[in-house]
Amino acid sequence: MADNDVVKNMLGVILQANHGGMSLSHLQRDYKELTGEQIPHMMGHKHLDGMPVDRSHSGEVLINNSATHSMDYFASGDRDTRHLAKVVARQRGSKKTGRTQFVNTQMRVKPVAPLVFDAFFSQSEGLASGKGEPYNAEQVQAHIKEILVKYSNGIWVSKLPRIYRDLYKEDLPVEAIKDLETWTHICIVEKTYGSNASELLLYPTRASSNTSSPLTSHNTTASNTRKPLQSSGKKKPSGSSLSHSGSQSPQSSSSSSSSPIPPSSPATLSSDLKKKLEELLVKYPNGLWAHALPKLFQDTYNTKLPGHVLEKLDLLSELCIIDYPMPDNPKRAILYKRSCRTQKKEVKRRPSVQEVSSLHIPKEESSNVLVLEATNTNQVMIRYIGEGYSQALESMDDEMREFYGLEESRQVSSSALCIGKVVAVRVEDEDAILRAQVSEVMSDELKVKYVDHGFSAVISKSKVFELQEKFLKLPFQATKCKLAGLEPFSQVPAVISKFETMTSGRILLAEILERGPTPLVVLYDMSQDDDVNINAVCMRELQDKTLACPLQVNSVYMNVIVTSVCSDGTICCQLPSKGFARMNEILEKIEKYFHSQVTSEFLVSRPFCGKVCLARFKGKWSRVEITNLHGSRVLDIRFIDVGVQASVEVFELREIPTTFLCDLMAIPPQGVKCCLADLCVSVGCWTADAVQWLREKVVNTTDCSMKVTHVDETKGCIYIHLFTSKTLHDPSRSLNHQMAQTDLFKQQPDVVLTSQRFLLLLVLVFAEIIGGLTHVFLHSGSNMDVFVSVACHPGHFVLQPWRDTYKLVVMMEEMILYYNKTEEKPLNIAKNQIHAAKVENNWHRVLVKGVLTNGMVSVYELDYGKHELVSCTQIRPLIKEFRQLPFQGLTAQLAGMKPKQWSEEASIVFRNHVEKKALVAQLEAVEEGANSWDRKLTVFLVDTSQEEKDVWVHDIMAEFVDELSNEP
């Protein structure tokens, strides 16, 4: 047995890298990686399960019996990779894989928030190596039954092998995993669904337990699962081990939410309270933060949530899955509605002579489409573009043209023509044979609908041929969808006319929000510099232009309300008008209406970009438009009538009641975007001092007036002189003139005071300590599941460890909520400082690389390894809460290759193989630097996603370089 003090010291070293404590399973793993041994059964505990630990200020290991929900969970994968890397050994010798051909056949897709990760399930964790080997089924069933007694509320199948091995000291046979679904006398296997990923759950049959099953909030496809690395004669290096690679959905990735939380005893919830909580959870299938429950419950049901609910969250375990994504903060939990197990009845269909399979909706969240016909936005006829759809149709069209071009005797007899029959029709103008369905039979003619193209026509019977069975195999390609947000206005002529104008003859991107016979979609025109949300543009056609703010050049307007001053110097003004009065009247009615209603009907459960709904602004409901989504719970909004942008959680939004929807949508935005005229500084170059000065002068002031000087239609901005007096409108007395006479627009020097330098030094030291602790356990030969965020060439790429990916996702959501609600203040920015910076729509932890004279700042993203250029107005201090997680970007170079100047061809090949992919990295060496972000790893990269072989990236690059050198 190891010496007691030695063990304590080792545990102390490990715990220093996990500031807020860690689960026992993580501790066991890290201890073994560090020492090569298991933690001894010591310190007064007979079993390790009784020894969750934390770290005291003195560095000693203390026992903390409160952390009882601990199990190893891992972060989700990129939607394009959907697999997890797992390695048991690295082959030192070269393994030739052959040169790969790289062809980019992907169509353009709509970019999504980089912090959204999909989850998936891998059956590779802990499975026995022998496939198909016989096993003692009765013994295994008995063991499974014993495990389910302990986990009566259900257990993830991905965790079963490890638990089985820990309890019975033997591997769970692979075939037993496959047979679980047939053992209905002892257990039930359920696949739980959400948005993008799936997980298998095992729970006792109802005879032994009446508990419900956990539900993850993500949905997955069955493809692209990661397998263990093929042995291929490779030898496992002694002492090498891979961190547990059982991949879970994000909500089950934290160490503190390993399995369904057992229900508390003897406390219970009343049936009425259960019903109300279930109604709220149903509204948020992607999860609801527990801290949001009290306000949401109060707003929805006009009554307080009993305080003991949040104090004892395990009371909710029979209603939902409780996940703790931040182990350091047990008060931050996400609640996921449990699934409902229903018995599916087999639907018997009448046999049809012409059987055509149904068209499958693409599995991706977005797909390119061609709009065929639209007389109703609830029934827009489209055709999917891409492999399996338009490409398959083109192939069939060519085959039909050839087939019917050779035979002229296959015309359909008049007696065989009937409504609903699918036939082949010759289209003379286009020299084509198309599939069509008969909708009306006349004497010499037919009315048919072309099932792949969506339009109808009246044709001669002489153009109709019998459709061969082989041409019925491809599903009809013309299908319907409906436009999200436009459901109540589906037949408004102005909406239909605008839609036809924008979609005629164009390939668009359809973001699929809801699947079903008629999918709910948002359409985007991606052909312009800025993506155009077609649903949102069509919605604006409902506006009554007579209710817009009347503005004329050289006119003076009194009683102006300045609602906001943006960091770029633009301001938003509200002017007295008919539309402004009407809007306030309707919003007041909505306020009273909500107070009279006790229902969850108005909670927003399906947010999407362009959606118009309601959110609180200064205590009152105001119109907002959703501008961006960060995952499933955090989103960006713009207050339409106030001009303020904010980031909120989805539970803060409300649907516009149907009673007021048409009237409210008819009112144009009442916030007018204005710029101060005659200033020597252009919009976008304002200093923080200038912005703050103007805010103090005009925001919340009721005596403002303005005079319009000119209108810039290209920028959509009204240039004005702004006054705080109602009587004097001489430009020399305007706020414009006052600002021009000050030093507010002078750029601040890059000077840091002595006290600030000392603080900066502490920050850098603190960051270095955190960064250094990230890699305490890295040693030669160790394996890591990684995601390659940036790949320049084999000599430089950036890795992210999978283990903390979900923590990064949650932290970035918290950063969005924090910084988007915090106004910018003057900040002295200097090289090598660590700050938070807004890059596009997300906040990142960054290192300042340089400050330019035009107010732009060069930054390096410490978690993603990217270099960006941002405005100084988008820089904020990085608060302590967001410094807890070690920086996730690890700079690396490919092992097994000689250092060289990489050609562009080789760099492209390398990027195609590794960038934005989940791989295995086996560490060869670590080159330390002055700072944690200067450290460089030398690693082998392995792609284990293929069933037949493992792809060693250095072998591919070596062979590619050899072929290039051998080319004449």
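Going by an unreviewed UniProt entry, the protein chain carries the name Tudor domain-containing protein 7B-like and comes from Gouania willdenowi. What UniProt records for the protein chain under Subcellular location (unreviewed entry) is the sentence "Cytoplasm".

Visitor: Mind laying out the packing of aromatic side chains, listing which residues take part and the relevant values?
Guide: With the rule as written, the count across this model stands at 20 aromatic pairs. With 5.1 Å between their ring centres and 50° between their planes, Phe617 and Phe639 make a pair best called tilted. In this pair, Phe617 is assigned in strand 22 (residues 612-617) and Phe639 in strand 24 (residues 634-639), connecting sequence segments 22 residues apart. You can call Phe617 partly exposed: its relative accessible area is 21%. Residues Tyr818 and Tyr819 carry aromatic rings whose centres are separated by 4.8 Å and whose planes lie at 85° to one another, so their mutual orientation is edge-to-face. One Lys or Arg, Lys276, reaches over the ring of Tyr301 and ends 5.3 Å from the middle of that ring. The ring of Trp902 has Lys900 lying over it, and the distance from NZ or CZ to the ring centre is 5.2 Å.

Visitor: Which residues make up the sheet that holds strand 12 (residues 432-441), and what are the values?
Guide: In spatial order, the strands read 14-13-12-11-15; together these 5 strands make up an open sheet with antiparallel pairing. Sheet topology places strand 14 (456-460) and strand 15 (464-466) at the edges, where each strand pairs with a single neighbour. Adjacent strand axes in the sheet meet at a mean angle of 50° when their direction is disregarded. Of the pairings in the sheet, the one linking strand 11 (residues 422-427) to strand 15 comprises 3 bridges and is antiparallel in character. For Val423, the partnering residue across the bridge sits in strand 15 and is Glu466. Sheet strands touched by helix 9 (residues 390-406): strand 11, strand 12 and strand 15. Its angle to strand 12, the strand with the most contacts, is close to 85°.

Visitor: Outline the pairing of strand 37 (residues 918-927), listing residues and values.
Guide: Across 5 bridges, strand 29 (residues 783-793) lies against strand 37 in antiparallel orientation. The residue bridging Asp785 from the neighbouring strand is Val920, located in strand 37. In the sheet, strand 37 pairs with strand 38 (residues 936-943) via 7 bridges, with the strands oriented antiparallel. Looking at strand 38, one finds that Val920 is bridged to Val942.

Visitor: How would you sum up the side chain of Gln477? Please name residues and give values.
Guide: Position of Gln477 relative to the elements: it lies in the loop between strand 15 and strand 16 (479-483). Among the polar contacts made by the side chain of Gln477, one reaches the main-chain carbonyl oxygen of Pro475 at a distance of 2.8 Å. Excluding residues that lie within four positions of it along the chain, Gln477 makes contacts with Leu359, Ile382, Arg383, Gly388, Tyr389, Ser390, Leu393, Arg435, Val451 and Asp452.

Visitor: Any chance you could break down the state of the cysteines for me, citing the residues and the numbers?
Guide: Counted according to the given criterion, the structure contains 1 disulfide. Between the sulfur atoms of Cys675 and its disulfide mate Cys717 the distance is 2.4 Å. Taking the sign of the S-S torsion, 120° for the link of Cys675 and Cys717, the bridge is right-handed. Here Cys675 is found in strand 26 (residues 672-676), whereas its partner Cys717 is found in strand 28 (residues 717-723), with 42 residues between them in sequence. The exposure class assigned to Cys675 is buried, which follows from its relative accessible area of 4%. Under the relative-accessibility criterion, Cys717 is labelled buried at 2%.

Visitor: A description of the pairing of strand 27 (residues 704-712) should follow, citing residues and the corresponding values.
Guide: By the bridge criterion, 3 bridges tie strand 20 (residues 556-565) to strand 27 in an arrangement that is antiparallel. Bridge pairing in strand 27 places Val560 opposite Cys704.

Visitor: Residues and numbers for the sheet that holds strand 34 (residues 867-871), please.
Guide: Two strands in a sheet stick together by hydrogen bonds in their backbones, pointing the same way (parallel) or opposite ways (antiparallel). Within the open sheet, the 5 strands sit side by side as 34-33-32-31-35. Their pairing is antiparallel. Only two strands of the sheet have a single partner each, and these edge strands are strand 34 and strand 35 (875-877). Taking the axes of each pair of neighbouring strands and ignoring which way they run, one obtains an average angle of 50° across the sheet. Here strand 31 (residues 834-839) pairs with strand 32 (residues 842-851) via 6 bridges, running antiparallel. Opposite His835, over in strand 32, you have Val846 as the bridge partner. Against the sheet, helix 17 (residues 805-819) touches strand 31, strand 32 and strand 35, its axis set at about 80° to strand 32.

Conventions we followed
Residues numbered from 1 in each chain as written. Predicted model: local features only at pLDDT ≥ 70, side-chain atom pairs only at ≥ 80, totals over all residues. Heavy atoms only, no water. UniProt positions renumbered as here; feature names shortened; annotations may be inferred. Phe/Tyr/Trp six-rings, centres within 6.5 Å; stacked < 30°, edge-to-face > 60°. Helix = DSSP H or I, 4+ residues; strand = E, 2+ residues; numbered from the N terminus. Buried < 20%, exposed > 50% of the residue type's maximum accessible area, 1.4 Å probe, protein only. Lys NZ or Arg CZ within 6 Å of the ring centre and 35° of its normal. Pairing = 2+ DSSP bridges. Axes fitted to C-alpha atoms, helices over the stretch in contact; angles between N-to-C directions. Contact = heavy atoms within 4.5 Å. Polar contact = N/O pair within 3.5 Å; in protein donor to acceptor, adjacent residues only side chain to side chain. Disulfide = S-S within 2.5 Å.

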